[in-house]
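# Per-entry structural report
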Amino acid sequence: MSDTRRPRRPAKPYRRPQKDPVRLLAFEALRAVDERDAYANLVLPPLLRKAREKGDFDGRDAALATELVYGTLRRQGTYDAILADCVDRPLREVDPPVLDVLTLGAHQLLGTRIPSHAAVSATVELARVVLGDGRAKFVNAVLRKVARNDLDGWLEQIAPPYDEDPEDHLAVVHSHPRWVVSALWDSLGGPRAGIEDLLEADNERPEVTLVARPGRATTEELLREEAAVPGRWSPYAVRLTEGGEPGAVDAVREGRAGVQDEGSQLVALALANAPLDGPDGKWLDGCAGPGGKAALLAALAAERGAVLLASEKQPHRAGLVAKALAGNPGPYQVIAADGTRPAWRPGSFDRVLVDVPCTGLGALRRRPEARWRRRPEDLDGFAPLQRGLLRTALESVRVGGVVGYATCSPHLAETRAVVTDVLKQFPDADLIDARPLLPGVGALGDGPDVQLWPHLHGTDAMYLALIRRTA
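In what follows, the accompanying structure is described. Keep in mind that this is a model prediction, so the values were computed, not measured.

Turning next to the overall build of the chain. Scanning the chain from terminus to terminus reveals 20 helices and twelve strands. In terms of C-alpha radius of gyration, the chain reaches 26 Å, essentially the compact-globule figure of 23 Å for 471 residues. Overall size of the chain, expressed as C-alpha extent along the three principal axes, is 115 × 50 × 40 Å. Residue burial in the chain is summarised as follows: out of 471 residues, 54% are buried.

Structure (structure tokens):
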């Protein structure tokens, strides 16, 4: 009896996965953010620098890696909702490294112009390198499901209708936790269009903004950089419209200029220009780390013959402040001290700034991962410190002097609620109108305090209240 079985085909030789330096670096950055609670803006630059030194990257590679990391983090909530529809088990049961690869693939499919077949194949190849062939098959199956729709099609499928649940609809469509959407809407007020504009602005890549520190650098010098244009509001601001590497700018590398959002510059300028009754020789930055506002204040103080004391509780952050102020043209002092237990006598200063620790909800463009880390209960943790720092600031300023209370959060619990509560304990202190101290800046509301917004002003959502001691 003859053997009628077909002869076996020879097995295909095993193909080793090919390493893609761009996607591998993006994956490493996402893992650092997930595993170590690192911030992408701190993790990514050294990874890019190392890749360039090894010769793996050129400028286009660095730009793609940056977009993959930040785009994935900004849209993580939306992508998670889509992936949940494509995976046969709860996402919390998917291993975090696998989920990072899937989210990275979803961003390439739904948030970039990379062709679908290339996005899937490149992500599967990455999965083979970092996860192994077995889990790469799972990644391939899930991403092929994701690729069946574009982003608009997915949103129509997974987002609840706006009329039924406005906040949940906005949370899914614009990739913010629901509680953050609610808090931002409360602070902003107004109709749907305004909150949607704000949430969209949070998901856009911010420009790099430089500050020319007075007496040390000029905007004219910075404007000679490629794709540099003047700031919108601050006379010391220059925007790099195509991003770029600030560390390659001579003035930044030498400490004569720095990277600083224009909203932060405006806060420092408003305090420096607030009218005083009496002398103007002693200034205090009571929460000075990491040193951006302190460096600008110190330079402005030096122009007037004033002295800045920069105080920062954490010694390593005080070291960053000292580095930022090194080379200031006038006298200054940096100390490591607790701003709620002052190392100076009451009434010692003419101007005091306290840019207090907060949830950072005003800087979600720059730190997109913060939206997923913060919880509503974090507000309770910051509240006593914020009030304590403002009380100390008011005790530290002399009669006729001015205190600036600032946060990089628009949440009402961190802004007006703090100011209102503390002022009840200081009947001899009054709010002064901060709006005239931001000349040319529109849409500042009814005052007397100021709230800046990414979609209205192109800045982080900085808050500022100016308070004068009157007796």
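We are not done yet, so read on.
So, on to the pattern of salt bridges. The final tally for this structure, using the stated rule, is 32 salt bridges. Its salt-bridge partner being E207, residue R239 comes within 3.0 Å of it at the nearest N-O pair. Note that R239 is positioned in strand β3 (residues 237-240) and E207 in the loop between α11 (192-202) and β1 (208-212), a separation of 32 residues in sequence. Residue R239 is classed as buried on the basis of its relative accessible area of 13%. Taking relative accessible area as the criterion, E207 reaches 24% and is therefore assigned partly exposed. Among the ionic pairs, K313 bridges to D338, the shortest N-O distance being 3.9 Å. Of this pair, K313 sits in the loop between β6 (307-312) and α16 (315-325) while D338 sits in the loop between β7 (332-336) and β8 (349-355); the two residues are 25 residues apart in sequence, bridging distant segments of the chain. When its relative accessible area of 22% is taken as the criterion, D338 is described as partly exposed.

It is worth spelling out unusual backbone geometry at this point. With an omega of 0 degrees, the peptide bond running from G289 to P290 counts as cis. Structurally, P290 is set in the loop between β5 (282-285) and α15 (292-304). Note that the residue after G447, namely P448, is joined by a cis bond; omega there is 0 degrees. Tracing the backbone shows P448 in the loop between β10 (429-432) and β11 (450-451). Positive phi, normally seen in glycine, also occurs at A227, with a value near 60 degrees. Position of A227 relative to the elements: it lies in the loop between α12 (219-222) and β2 (228-230). On the basis of relative accessibility, which here comes to 25%, the residue A227 falls in the partly exposed class.

Its 16 residues give helix α1 (residues 21-36) an end-to-end C-alpha distance of 22 Å, which sits within 8% of 22 Å, the value for a rise of 1.5 Å per residue. Of all the residues in α1, the buried ones are V22, R23, L24, L25, A26, F27, A29, L30, R31, A32 and V33. Summarising the contacts, the buried residues of α1 are in contact with α2 (40-54), α3 (59-74), α5 (96-110), α6 (116-130) and α17 (370-373). Looking at where α1 begins, the residue whose side-chain oxygen comes 3.0 Å from the main-chain nitrogen of V22 is D20. After α1 finishes, the residue D37 shows a positive phi value of roughly 55 degrees.

Attention now goes to the sheet that holds β2. Spatial strand order, β2-β3-β1-β4: four strands in an open sheet with antiparallel pairing. If you trace the sheet from one side to the other, it starts and ends with β2 and β4 (257-259), each paired once. This sheet shows a mean twist of 30 degrees between the axes of neighbouring strands, independent of strand direction. Taken together, the three bridges between β2 and β3 define a ladder with antiparallel strand orientation.

Applying the stated criterion across every chain yields a total of two aromatic pairs. Ring geometry for W344 against F349: centres 5.9 Å apart, planes inclined by 85 degrees, an arrangement best described as edge-to-face. The burial state of W344 is the same as that of F349; both residues are buried. With a centroid separation of 6.4 Å and 70 degrees between ring planes, the pair formed by Y405 and Y463 is classed as edge-to-face.

Our focus in this paragraph is the nonpolar core. By size, the foremost hydrophobic cluster in this structure holds 56 residues, and its most contacted members are F57, V69, I82, L110, V139 and V146. When sequence neighbours within four positions are dropped, the list of residues in contact with V69 reads A26, A29, L30, A40 and L44. Core analysis: the second largest hydrophobic core is formed by 42 residues, C358, L437, L438 and L464 among them.

Turning next to the side chain of N328. Tracing the sequence through the fold places N328 in the loop between α16 and β7. Look past the residues within four positions of N328 in its chain and what remains in contact with it is R216, A295, A298, A299 and A302.

Let us look at the packing of α5 against α6. Their axes nearest at 9 Å, the elements α5 and α6 cross at an angle of 165 degrees. In terms of their interaxial angle, α5 and α6 are classed as roughly antiparallel. Classified by chirality, the crossing of α6 by α5 is right-handed. Two secondary-structure elements touch here, α5 through V101, L104, G105, Q108 and L109 and α6 through S116, A119, V120, T123, L126, A127 and V130.

Calculation rules
- Residues numbered from 1 in each chain as written.
- Predicted model: local features only at pLDDT ≥ 70, side-chain atom pairs only at ≥ 80, totals over all residues.
- Heavy atoms only, no water.
- Helix = DSSP H or I, 4+ residues; strand = E, 2+ residues; numbered from the N terminus.
- Rg over C-alpha atoms; globule rule 2.2 N^0.38 Å.
- Buried < 20%, exposed > 50% of the residue type's maximum accessible area, 1.4 Å probe, protein only.
- Salt bridge = Lys/Arg side-chain N within 4 Å of Asp/Glu carboxyl O.
- Expected span 1.5 Å × (residues − 1).
- Contact = heavy atoms within 4.5 Å.
- Polar contact = N/O pair within 3.5 Å; in protein donor to acceptor, adjacent residues only side chain to side chain.
- Pairing = 2+ DSSP bridges.
- Axes fitted to C-alpha atoms, helices over the stretch in contact; angles between N-to-C directions.
- Phe/Tyr/Trp six-rings, centres within 6.5 Å; stacked < 30°, edge-to-face > 60°.
- Core = buried A, V, L, I, M, F, W, Y, C linked by side-chain atoms within 4.5 Å.
- Parallel < 35°, antiparallel > 145°, perpendicular 65-115°, else oblique.
- Left-handed = near helix turned anticlockwise from the far one by under 90°.

The analysis is restricted to geometry; functional conclusions fall outside its scope.
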